[in-house]
Amino acid sequence: MMALKLFIKKIFHYRRITKDFINHNSIFFKKVKRSKKNKILLEINNMRDSHIVYSYLSNILSKKFDAEIYGFYPRYFNAIVNFFIFKIKLFFKIDYFKVYSSFNVSNFIYPKNILKQKILFKIKKKIFDNLKTKSDIYDISISNINIGDLIYDAYLRRYNLPTIDIKEKRFSLFMERIITLFNFWEEYLKNNNVKAVIVSHTTYEFGIILRISTHLNIPVYSAAAGFLYSHDKNNLTSFEMREYKKEFSLFSISEKENKKKLSKKILKQKFSGMKTIENKVSLLPANKLFGEFKSVKRVVTESNNTNCLIAAHHFSDAPNAWGRLLFNDFYDWINFLGNLSDELDYNWYIKFHPMEYEENKNVANYFLKKFKNFNLVNPDISHEQLISEGIDFVLTAYGTIGMEYAYHQIPVINASLNNPHISYNFNHNPKNLKEYKESILNFKNLDINYSKDEIEEYFYMRYLNAFYLFPDEITNTEIELTQTPLAYSRWLGLFNNNVHNDLSEKIEKFIISKKFKLVDENKL
């Protein structure tokens, strides 16, 4: 009974906050008549912190292009009940529809199947005629636009699968949905004067409208409370890390020193067990993975054998978010390492992200049963303990562990060239499977530079050289990122005319600059 009362109280609290935010928007985003011929497409979602950024970005683009703002749902609904809920909320303009309307979103659209079956099956047949193995999925293109990686990731996520069986009927049916979804957005973008598109993600089905738009030279922006990117044919994802070293080199000597000094301070906090901005950006757990740890049962066996730690990823969580791995997916990666564990006389330890372990448990158990040399590490065991017990080297696809273990001068080998540390030399980055295996065999001889300067530089570029909506995002580590209406409350609590004008000006300048990433150093 008490739980029900608290739930009802929370609902009314959220409604009150949302009403305040809607009233706020009616003051600062006055309704202005725009040309009905031109359209700005803005993704509809319930990520409340993103709504604040969307309100500014969409209205600035609306003014720039003299265009009406249309809210759009980017993909098909996973269940019929979700569709009906969507339609009810849309009809009565409740929940986030009322919020979107409050900052001048005039219409709402969602994809429908408008493709004739004859054409659908013709496209599908052409695709499946060239589909011999799951790796061929990556070559799938429609209208000369490659969407293979989006299909791969979307299918894994839709069914929470570790890998793909192209002979499954549900994959065939899923491809029909992808083809008709692609067709809807292609036809819409070709037959409407769309001036810009705003999305939340560049992955899964969300990326389809992005790929078509950039192909048609329509500006696309991906935005949230912690980033703002401008996309084109050369920047289809949010992978910004390849040029970190080059970009940092453009700062003056004094600027470099100050920036590394700030990084050094925050890194010291991180490795003493404190939360930092990294916890928010990289979704790290609140529990301490570094710093002092309670004395618990030893994990790493005392022996003369090499101790290898596999830092596993969520199997269905967008393996291609930043680009291709050396493997088809995380499943194939772990399977490769499992086979290698049967060959090499190493001690093999596999650890899942603490926030993802439950969803991966079944697949983890499958691999533990298949490969007897794998030892599962409790996800709550701290890395400080593993390091102290003698981990010799680490394997990851592109995880944050690449920086963390390098900081402690322990080799890390990435299974992707599209990893956040690629611009630096504190990890090893094999270019193909042959090099990857050789790296594991000869990890002691890898040419790795554990320079703290490079790590501090990387940390600055990754977490501090960025855009954050809230001015205290970097310094106030106790406030968690939230996608509930509490984000509205936080925004209203700090809002004034200076904040309003500052954000408007930053976004306007960013759009004019045509740069890939918005950086806001005033938050430091």
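Here the residue numbers are simple positions, counted from 1 along each chain's written sequence. This being a predicted model, a pLDDT of at least 70 is required before a residue's local features are given, and a value of 80 or more before pairs of side-chain atoms are given or counted; all residues contribute to the totals for chains, interfaces and linings. Side-chain metrics rest on all non-hydrogen atoms present in the structure, leaving aside hydrogens and water.

Undergrad: So what exactly am I meant to see when it comes to the packing of aromatic side chains here?
TA: One pair of aromatic rings is described through two measures. These are the centre distance and the angle between the planes. To pair, rings of Phe, Tyr and Trp, with the six-membered ring standing in for Trp, must have centres within 6.5 Å; the planes then decide the type, stacked if under 30 degrees apart, edge-to-face if over 60, and tilted in the middle. All told, the structure shown has 59 aromatic pairs when counted by the stated rule. Consider the rings of F327 and Y436, whose centres lie 5.6 Å apart with planes at 80 degrees: the pair is edge-to-face. With F327 in the loop between strand 9 (306-312) and helix 12 (330-343) and Y436 in helix 16 (residues 433-441), this residue pair connects regions lying 109 residues apart in the sequence. Here F327 and Y436 have matching classes, each one buried. One aromatic cluster in this structure is built from Y73, F77, F83, F84, F86, Y96, F97, Y100, F103, F108 and Y110. One cation-aromatic arrangement involves R324 over Y138; the distance from NZ or CZ to the ring centre is 3.6 Å. Above the plane of the ring of Y407 lies K452, whose end atom (NZ or CZ) is 4.5 Å from the centre. Helix and strand definitions here come from DSSP, where helices need a minimum of 4 consecutive H or I residues and strands a minimum of 2 consecutive E residues; each element is numbered from the N-terminal end. Only protein chains enter the accessibility calculation, which uses a 1.4 Å probe. A residue is then buried if its area is under 20% of the maximum for its type, exposed if over 50%, and partly exposed in between. We count a charge as sitting over a ring when the NZ of a lysine or the CZ of an arginine lies within 6 Å of the ring centre and within 35 degrees of the ring normal.

Undergrad: Mind showing me how you'd approach the sheet that holds strand 3 (residues 105-109) here?
TA: Picture the strands of a sheet paired through backbone hydrogen bonds; they go either parallel or antiparallel. Reading across from one edge, 3-2-1-6-7-8 is the order of the six strands in this open sheet, with mixed pairing throughout. Each having just a single partner strand, strand 3 and strand 8 (227-231) make up the two edges of the open sheet. Strand-to-strand, the axes of this sheet are offset by a mean angle of 25 degrees, without reference to chain direction. Pairing between two strands requires that DSSP report at least two bridges joining them. Inspection of the sheet shows strand 1 (residues 38-43) paired to strand 2 (residues 68-72) by five bridges, in the parallel sense. Looking at strand 2, one finds that I40 is bridged to I69. Convention adopted: a line fitted to C-alpha atoms gives each axis, helices being fitted over their contacting stretch, and angles between N-to-C directions are expressed from 0 to 180 degrees.

From the geometry alone we can't say anything about function, so treat these as descriptive.
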